[in-house]
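Architecture at a glance
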Amino acid sequence: MTTGEVQALLDGREEALADLRDDMTANFARGPGAILLRGLDPAVLGEACFASVLARIGGWLGTPAIQSPQGERVARVERRADDRTARGTFSNAELRPHTDLHDILALGCFRPAASGGESVLVSARDLHRAIGHDDPSLPADLVKPYAWGGNPALRSADRPRPCLPILFPPDAAHGPQVAYNGYFLRRGADQADGIFARFDAIAQRLADKTLFRLMPGDMLFWHNWSWLHGRMPFADRDDRPRLLFRLWIRSVIAPRADPALVELGQRMDEDHRITSQWEKHGHE
Ligand SMILES: [Fe+2]
């Protein structure tokens, strides 16, 4: 970002940000659907201001969804040694390439790890090509629908979960897209472990070539269905733990390969609302 854009963001002068906003929406509507904004200094902004700038930019692209029963729309991603229910968000473990459940994702790097924690983005385009090359019989299995399971730490309505293909081949309206999360798919009804493992192996091989490091102040936005994301394990220094802020954004800017993809995010939102109600009013 230019110094002028950074200042306009801090001053809340939206009219001075029209070019940046147009660049971002065009990137998602017609471009690769991934963009890194650099120029903010988190040490000057502080956590609350940095998080609110991230949310404001995310609002240009769509509607930030809630990410917890507490209703947070900007979530903290940090290691919490005492939290046993959370998966990647509060651990320092490696996260293998996957998609989440909403259309656009964002991570703002407030403070990187002391070591490790490199990020990964693997494009669905590269993945589609590599799968066809490395394991030619796999695409036929990946275009079949698989049932997604839920997060056992959340409460949930008792009805079937979405069933979706993992791979969506390109067509006239969009490039290749992908919906893959080993955690949720292995908790689904289909348990196709052999297929998931073959997919994991190819995605991991590509991920190893695309590691990059988010610097303090960096804000990364990407189209969830066009890119798998992940990260390497990391180690913190006690007094300066790694801290990212995250958005899950519902957005129609980039075409969805299948309208049913929206159901994954809707179901996650519903589980958070139901869990929140249950925690407030108790189980009857
Ligand atoms: Fe994720």
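Further up the page is the structure itself.
Residues numbered from 1 in each chain as written. Predicted model: local features only at pLDDT ≥ 70, side-chain atom pairs only at ≥ 80, totals over all residues. Heavy atoms only, no water.

Let us look at helix α2 (residues 18–30). The end-to-end C-alpha separation of α2 is 18 Å, in line with the 18 Å expected for 13 residues at 1.5 Å each. Here the buried face of α2 lies against α1 (3–11), β1 (34–37), α4 (47–61), β5 (104–111) and β13 (219–223). (Helix = DSSP H or I, 4+ residues; strand = E, 2+ residues; numbered from the N terminus. Expected span 1.5 Å × (residues − 1). Contact = heavy atoms within 4.5 Å.)

The four strands lie next to each other as β4-β14-β7-β12, forming an open sheet whose pairing is antiparallel. Where the open sheet ends on each side, the last strands, each with one partner, are β4 (95–98) and β12 (211–212). On the sheet, helix α5 (residues 124–134) packs against β7 (119–123) and β14 (227–231) and is oriented at approximately 65° with respect to β7. (Pairing = 2+ DSSP bridges. Axes fitted to C-alpha atoms, helices over the stretch in contact; angles between N-to-C directions.)

Now for the pairing of strand β16 (residues 243–250). Burial within β16 is extensive, with seven of its eight residues counted as buried. In this sheet, β16 lies alongside strand β3 (residues 75–77) in antiparallel orientation, the contact comprising three bridges. Counterpart to R76 in the pairing with β16 is F245. Bridge count between β5 and β16: seven bridges; the pairing is antiparallel. Counted as the bridge partner of C109 is L244 from β16. (Buried < 20%, exposed > 50% of the residue type's maximum accessible area, 1.4 Å probe, protein only.)

In this section: the side chain of N151. Looking at the secondary structure, you find N151 in the loop between β8 (145–147) and β9 (163–165). At a separation of 2.9 Å, a polar atom in the side chain of N151 contacts the main-chain amide nitrogen of A153. For N151, the contacting residues outside a window of four places in its chain are R87, Y183 and F184. (Polar contact = N/O pair within 3.5 Å; in protein donor to acceptor, adjacent residues only side chain to side chain.)

This part is about the coordination of the iron ion. Around the iron ion, the donor atoms from the protein are H98 (NE2), D100 (OD), D100 (OD) and H229 (NE2), and they sit 2.1 to 2.7 Å away. Between the four donor atoms coordinating the iron ion, the angles at the centre fall across 50 to 138°, so the site counts as irregular. Summarised as a motif, the one-chain spacing of the donors to the iron ion is H-x1-D-x128-H. We note that H98, like D100, is buried. (Donors = N, O, S within 2.8 Å, 3.2 Å for Na, K, Ca; no water. Tetrahedral: all angles 85-135°; square planar, octahedral: opposite > 155°, others 65-115°.)

Below, the discussion takes up the packing of α1 against α4. Put simply, α1 and α4 touch, their axes get as near as 10 Å, and they point 100° apart. Taken together, the axes of α1 and α4 are roughly perpendicular relative to one another. Across the interface between the two elements, A8, L9 and L10 from α1 touch C49, V53, R56, I57 and W60 from α4. In terms of residue class, the contact of α1 with α4 is made up of seven nonpolar, no polar and one charged. (Parallel < 35°, antiparallel > 145°, perpendicular 65-115°, else oblique. Nonpolar A, V, L, I, M, F, W, Y, C, P; charged D, E, K, R; others polar.)

Geometric descriptors of this kind do not, in isolation, establish any biological role.
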